[in-house]
Amino acid sequence: MDGCVQVKENDGMRDWADMCLFLAVHDQGSLVAASEVLGLTQPTVGRRLAAMEERFGTPLFVRAGRRMQLTDAGAGILENVRRMESEMLAVGRSLESQSTALRGEVTISATEGTGTEWLAPVLFDFQQLYPEILVKVQIENRAVDLLHREADIALRLGRPSEPSLIARRMTTVGFGLYASAAYIERAGHPATLGDLVDHQMVGLDSLNGTGPFANAERLPGNYVYLSNSPAAQMAAVQAGFGIGELSHRWVGMRGGLTRVLPDYTAREIDLWLVSHEELRYSARIRALSDFIADRLVADRAQFESGTR
């Protein structure tokens, strides 16, 4: 495999622990001092050093009084081991930087409407606080696969089913029936749910058979426009095609539509903030997740009823 070296059974140093032990004995000058640095007992250090020398087939140290001195063989590998130590320390610094630094990329997935109308100004405020974090937004009406890192964070309608994800229920998204003023002027207001049979309707066409809208029963009425896109459904209602079931929050942010049958609750769906388990270790992912969570709580009434 490119970039990897297979360690054979008879290789002298099988892992980084051997290299650490070699350097500790050299730098500290004795088995006793090396054992204190490594957190091991002196006999353990001695046995591991002897086993290492046996695998190499040559002594690495000789005793000179109370100190351990390198043999020619030990001196011959010291520079290489030092270089490996430097690389390992660089790896550690890189990992620590990635986990603690507030910079880098974070990918968030959200549905239409929430991911465009609501999320954009939220992310603008976030960017003012964390200018070195690049947020990539995926607008998806399906549940992206967070386990395989299609995204780091997702705003999902409906409870996630994957047990290994970190999920927080944030609010309830309320839906109602809406129409444009032009349509109401042309067709009038329905007084009851049964009156919808005499009206034109705008609906969603299953959204690929998945998600909270997949198996929803259609309301009575003459459906004249169907789309698999909530944004297209919103546009059709605004254009005057007919009555559509839309989220209160989205209508409230867009404006220009009239609620039909205001006492009728079309649908209520929980909105979840979901993330990959790396949220526990990545400062940038955690920063964005917490920021979005705070804004969702602040805008709860907007999601539930369209009020600000």
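See the structure above.
Note that the structure is a prediction, hence the values are computed from the model and not measured.

Definitions and limits used
- Residues numbered from 1 in each chain as written.
- Predicted model: local features only at pLDDT ≥ 70, side-chain atom pairs only at ≥ 80, totals over all residues.
- Heavy atoms only, no water.
- Helix = DSSP H or I, 4+ residues; strand = E, 2+ residues; numbered from the N terminus.
- Buried < 20%, exposed > 50% of the residue type's maximum accessible area, 1.4 Å probe, protein only.
- Contact = heavy atoms within 4.5 Å.
- Salt bridge = Lys/Arg side-chain N within 4 Å of Asp/Glu carboxyl O.
- Phe/Tyr/Trp six-rings, centres within 6.5 Å; stacked < 30°, edge-to-face > 60°.
- Axes fitted to C-alpha atoms, helices over the stretch in contact; angles between N-to-C directions.
- Parallel < 35°, antiparallel > 145°, perpendicular 65-115°, else oblique.
- Left-handed = near helix turned anticlockwise from the far one by under 90°.
- Nonpolar A, V, L, I, M, F, W, Y, C, P; charged D, E, K, R; others polar.

A. Spotlight on the overall build of the chain. Within the chain one finds 10 helices and 11 strands. Looking at the 308 residues of the chain, the share that counts as buried comes to 41%. Sequence separation of 24 or more characterises 69% of the internal contacts of the chain that already satisfy a separation of 6 or more.

B. Expanded view of the pattern of salt bridges. Under the counting rule described, the total for this entry stands at 12 salt bridges. Put simply, arginine 168 and aspartate 290 hold a salt bridge, and the shortest N to O gap is 3.5 Å. In this pair, arginine 168 sits in strand E6 (residues 166-180) while aspartate 290 sits in helix H9 (residues 283-298), placing the two residues 122 residues apart along the sequence. Residue class for aspartate 290 comes out partly exposed when judged on its relative accessible area of 34%.

C. Spatial organisation of the packing of aromatic side chains. Inspection of the entire model under this criterion finds five aromatic pairs. Ring geometry for phenylalanine 126 against tyrosine 130: centres 4.8 Å apart, planes inclined by 40°, an arrangement best described as tilted. Overall, phenylalanine 126 belongs to the buried group, its relative accessible area being 0%. Residue classification places tyrosine 130 among the partly exposed residues on the basis of a relative accessible area of 23%. Joined through ring pairs, the aromatic side chains of Phe126, Tyr130 and Phe291 make up one cluster.

D. Quick peek at the packing of helix H1 (residues 16-28) against helix H3 (residues 42-56). Where H1 contacts H3, the axes come no closer than 11 Å and their chain directions differ by 110°. Accordingly, the angle class assigned to the pair H1 and H3 is roughly perpendicular. Handedness of the H1/H3 crossing: left-handed. The residues of H3 that touch H1, namely those facing Ala17, Asp18, Leu21, Phe22 and Val25, are Val45, Arg48, Leu49, Met52 and Arg55. By residue class, the composition of the contact of H1 with H3 is seven nonpolar, no polar and three charged.

E. View of the environment of serine 35. Within the secondary structure, serine 35 sits in helix H2 (residues 31-38). Serine 35 sits 11 residues away from alanine 24 along the chain, and the two C-alpha atoms are 8.2 Å apart. The contact partners of serine 35, leaving out residues within four places of it in the chain, are Leu40, Thr41, Gln42 and Val45.

What is shown is where atoms sit, not what they do.
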